[in-house]
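Each chain, letter by letter, is given below.
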Amino acid sequence: MTVQIDHALEEIRRFRPSPEFAAQAVADEHLAEAARTDRLGFWADQARELLDWEKPFTRTLDWSNPPFAKWFDDGELNVAVNCLDRHVAAGLGDRVAIHWEGEPGDSRDITYAELTAEVKQAANVLTELGVGEGDRVAIYLPMIPEAIVSMLAVARIGAIHSVVFGGFSADSLASRIDDAEASLVITADGGYRKGKVFPLKPTVDEAIAKTAGSVQHVLVVRRGENEVPWTDGRDLWWHETVADASAQHEAQGFTAEHPLFILYTSGTTGKPKGILHTSGGYLTQVAFTHKNVFDLHPETDVYWCTADVGWITGHSYVVYGPLANGATQVVYEGTPDTPHPGRWWEIVEKYKVSILYTAPTAIRSFMKLGRQIPQAFNLRSLRLLGSVGEPINPEAWIWYRHVIGGGSIPVVDTWWQTETGAIMISALPGITDLKPGSAQVPIPGISVDILSDDGTPVEGEGGGLLVVTEPWPSMLRGIWGDPERFKETYWEKFGDKYFAGDGARRDEDGDIWLLGRVDDVMNVSGHRLSTAEIESSLVAHPWTAEAAVVGASDETTGQAVVAFVILKASQAERINDPAEASEELRRHVSAQIGAIARPRQVFIVNELPKTRSGKIMRRLLRDLAEGREIGDTTTLADTSIMQVISAQVR
Ligand code: 6R9
């Protein structure tokens, strides 16, 4: 086979679904057709078909007060009942809901009946602790079954969860507890990571000490068996309360617009945004996409989404989508390379995983390690692969399909965001011809467009800004406590069209290619980080005078955090080794925000490139960090400055 050089530059490979796959596919042509003919009717049908309602809805969408949408708002349902009780009532109580695999190799199979009983017990404990409808509960747990139980128990009683990723620091946790005024924190003594126990409870104590005082109780799961500090009266063990609680619990219905959760995500400013999602519309779209995009056959499939529940992917495609659909899934506690680099593939083999959903950063790091590692395992159970979190480059897509998927199974690249709640753009397996590197087409019932900065649609193949032109069921309902910021961030730019913050272009077939963020949000290993947040952490260090942060492209993590720091004159004299200063600052950011925010590099410099109005030109720093020729410097106040900085960086 001759490969022409332009193939690599302009991806032209196409993969038609195999006839065998197409013949059994869940999604069919009628779906897209139905959505085109009557979009609202289509979503109403999905909501009725996929979910059980305590009180049926009669209104589908109320968009009379944009951007505040209401979906199915005169209907009532209980989200947890939809994920649990109804499957048990349908005779599926013995079906495994979760094959849980701990990092040290312990494991637990939990059936729908068992999961339902434990959620009922936890719901009773929450009520006893005084948590009621609308109250906020912070969840800071490792990937153990109790994380899922906690989320569902909170949902069951109509409270609101705010899951904080276990890798976040005490400061990050404290600001999230304060912003949501959480009255309960659910945590663990510790969890396993890379073969060691990392403590969580001490971090919770440290965080609570920094909050304004909303927390009444801390419920602690025993997992790491590490020693933990204890506050009598406030702290309770899960195994001494939940395990002994009654497994009888009558769930009530809540209105479809009842808040379900808040999830904090990085924005363009230093302060994370509390993205608010509600019940009926959210559950409809996550269940719909989980079923159709992953071609779910719940009787036979074993599904595995590798995301942590601390991120939106874990909310929608570990907890709510799979459980609403009665799927059997794998949940793994640890890191991919512990105790050996083939751990994921060993898990696929052990549980005969048929659907795998992961991030390009993981795929690229497996590529680096080499195909001999996955090839040592039997991966023939796999029949569908998914990708999320950042653009997947065609080479990684092809490797994923060939080395992991055996060469002929569909790979779906799914574009969506914390804010969109559920998948928005993706191929439909069995229907769409697949094109490596492109997220492809909006799913049925979703309308997107690509606009130029002035709001006119981009014709042809030029790039522009991705917008969602019509409200969708799982859309965010706001930013917790800040309706103005919600309007400003997403709706001010294009009126009633949702501005996603991503650049995109359409190719000649109408397929959509994502081009990365257009704002100061970085994407590191599929996780969103804000340049402003890391900058403010850097300047909070006593040595720092000024800091600028950029996301530089990185072979494995997509982007990496690169910081440029000017030290205070008083310190610069004292510190004779810049390497020592940069190490200290990397450690500081990691401690303040979390290990995911730790800069790959911190360059100590004397100057930063600024415009005459004093704005830092991050574009030039990015050129430098990526080893490119420095771009146009004519708008700099001092055009020679980049030479000075370049010399210092080298
Ligand atoms: C689900 C999730 C959202 C941002 C989004 C975009 C990037 C996500 C992508 C993708 C290209 C894909 N992104 N999926 N870019 N192709 N398939 O990741 O949510 O953490 O909020 O991040 O991630 O830039 O705007 P979230």
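The model shown is predicted, which means the values in this text are computed figures rather than measured ones.

> Teacher, can you tell me more about the confidence of the model for the chain here?
The predicted structure's coordinates, where accompanied by low pLDDT, should not be read in detail. Taken residue by residue, the chain gives an average pLDDT of 94. The fraction at 70 or more is 98%. Segment residues 1-9 is flagged for pLDDT under 50; beyond a separation of four residues in sequence, or across chains, it makes one contact in the model.

> Honestly, the site of the ligand in this entry has me stumped. Any pointers?
For the ligand, the set of nearby residues contains 17 residues, the closest of which are Asp 413, Thr 414, Thr 418, Arg 517 and Arg 528. One of the backbone nitrogen or oxygen atoms of Gly 389 is found 3.1 Å away from a nitrogen atom of the ligand. The contact in question runs from an oxygen atom of the ligand to an N or O atom on the side chain of Arg 517, over 2.7 Å. Coverage of the ligand by the protein chains reaches 96% of its 530 Å² of free accessible surface. Elements with a minimum of two residues in the shell around the ligand: α13 (312-324), β20 (411-414) and β25 (512-517). Of the residues assigned to the shell around the ligand, the class counts are six nonpolar, six polar and five charged.

> When you look at the layout of surface pockets in this model, what are you seeing that I'm missing?
To locate leftover empty space, one rolls a probe as large as a water molecule over the atoms. Approximately 450 Å³ is the volume found for the second largest pocket. Lining the second largest pocket are 18 residues, with Ala 32, Arg 36, Val 441, Pro 442 and Pro 444 positioned closest to its centre. The element that contributes the greatest number of residues to the lining of the second largest pocket is helix α3 (residues 29-37), accounting for four residues. Classifying every residue of the lining of the second largest pocket gives ten nonpolar, four polar and four charged.

> Please explain empty space enclosed by the protein as it appears in this structure.
Applying the stated rule across the entire model yields two cavities of 30 Å³ or more. Taken as a whole, the largest cavity spans an internal volume of roughly 60 Å³. Lining the largest cavity, in full, are Leu 77, Asn 78, Val 79, Ala 155, Gly 158, Ala 159, Phe 254, His 258, Pro 259, Leu 260 and Ser 279. The class makeup of the residues in the lining of the largest cavity is seven nonpolar, four polar and no charged. Every residue along the wall of the second largest cavity is listed here: Trp 344, Trp 345, Thr 358, Ala 362, Ile 363, Phe 366, Trp 399, Tyr 400 and Ile 404. Secondary-structure elements contributing two or more residues to the lining of the second largest cavity are α14 (343-351), α15 (360-369) and α17 (394-404).

> I would appreciate a short explanation of the domain arrangement of the chain in the present structure.
Often, the extent of an interface is quoted as the loss of accessible area upon association of its parts. Annotation of the chain at the domain level lists domain 1 (107-252 + 307-327) and domain 2 (520-649). Between domain 1 and domain 2, the C-alpha centre-to-centre distance is 36 Å. At the junction of the two partners, domain 1 supplies six residues and domain 2 supplies seven residues. Between domain 1 and domain 2 we count zero salt bridges in total. Taken together, the links from domain 1 to domain 2 amount to three residue pairs in polar contact (both at pLDDT 80 or more). Looking at the side of domain 1 that touches domain 2 residue by residue, the class counts come to two nonpolar, three polar and one charged.

> Even after reading the chapter, I still don't get α14, so can you show me in this structure?
Since the α-helix packs 3.6 residues into each turn, any two residues three or four apart lie on the same face. Those residues of α14 that fall on the buried side of the exposure criterion are Arg 343, Trp 344, Trp 345, Ile 347, Val 348 and Tyr 351. Among the residues trailing α14, Lys 352 stands out with phi positive, at a value near 50 degrees.

> Which parts of the structure should I look at to understand the sheet that holds strand β21 (residues 448-451)?
What the four strands build is an open sheet, ordered β21-β22-β24-β25; its pairing is antiparallel. The open sheet has two edge strands with one neighbour each: β21 and β25. For this sheet the average axis-to-axis angle between neighbouring strands, irrespective of direction, equals 45 degrees. For β21 and strand β22 (residues 463-468), the ladder comprises four bridges, and the chain directions are antiparallel. Residue pairing for β22: Ile 450 is matched across the bridge by Leu 466.

> In this structure, what is going on with the UniProt feature "modified residue: N6-acetyllysine" (unreviewed entry) in the chain? I would like to understand it.
According to UniProt, the feature "modified residue: N6-acetyllysine" (unreviewed entry) maps to Lys 615 in the numbering used here. Along the chain, Lys 615 turns up in the loop between β30 (601-605) and α22 (618-625). Among the residues examined, Lys 615 registers a relative accessible area of 60% and is labelled exposed. Sequence-distant contacts of Lys 615, that is, excluding residues within four places in its chain, are made with Pro 609 and Lys 610.

> When you look at the UniProt feature "binding site: CoA" (unreviewed entry) in the chain in this model, what are you seeing that I'm missing?
Mapped onto this numbering, the UniProt entry annotates "binding site: CoA" (unreviewed entry) at Arg 193, Lys 194, Gly 195, Lys 196, Thr 313 and Ser 525. Judged by maximum C-alpha separation, these annotated positions cover 333 residues in sequence and are scattered in space, the widest gap reaching 25.3 Å. The residues touching Lys 194, leaving out its near neighbours within four places in the chain, are Glu 103, Thr 335, Asp 337 and Thr 338. Relative to the elements of secondary structure, Thr 313 occurs in helix α13. Residues contacting Thr 313, with those up to four places away along its chain left out, are Cys 305, Ala 307, Val 318, Tyr 357, Val 388 and Trp 416.

Basis of the calculations
- Residues numbered from 1 in each chain as written.
- Predicted model: local features only at pLDDT ≥ 70, side-chain atom pairs only at ≥ 80, totals over all residues.
- Heavy atoms only, no water.
- pLDDT = per-residue confidence, 0-100.
- Contact = heavy atoms within 4.5 Å.
- Near = heavy atom within 4 Å.
- Polar contact = N/O pair within 3.5 Å; in protein donor to acceptor, adjacent residues only side chain to side chain.
- Areas by Shrake-Rupley, 256 points an atom, 1.4 Å probe, with all protein chains shown as cover.
- Helix = DSSP H or I, 4+ residues; strand = E, 2+ residues; numbered from the N terminus.
- Nonpolar A, V, L, I, M, F, W, Y, C, P; charged D, E, K, R; others polar.
- 1 Å grid on protein atoms, 1.4 Å probe; cavity = no way out; pocket = protein on both sides within 12 Å on 5 of 7 lines; lining within 4 Å.
- Points joined across faces, edges and corners; volume = space filled by probe spheres on them.
- Domains from an automatic or database assignment.
- Salt bridge = Lys/Arg side-chain N within 4 Å of Asp/Glu carboxyl O.
- Buried < 20%, exposed > 50% of the residue type's maximum accessible area, 1.4 Å probe, protein only.
- Pairing = 2+ DSSP bridges.
- Axes fitted to C-alpha atoms, helices over the stretch in contact; angles between N-to-C directions.
- UniProt positions renumbered as here; feature names shortened; annotations may be inferred.

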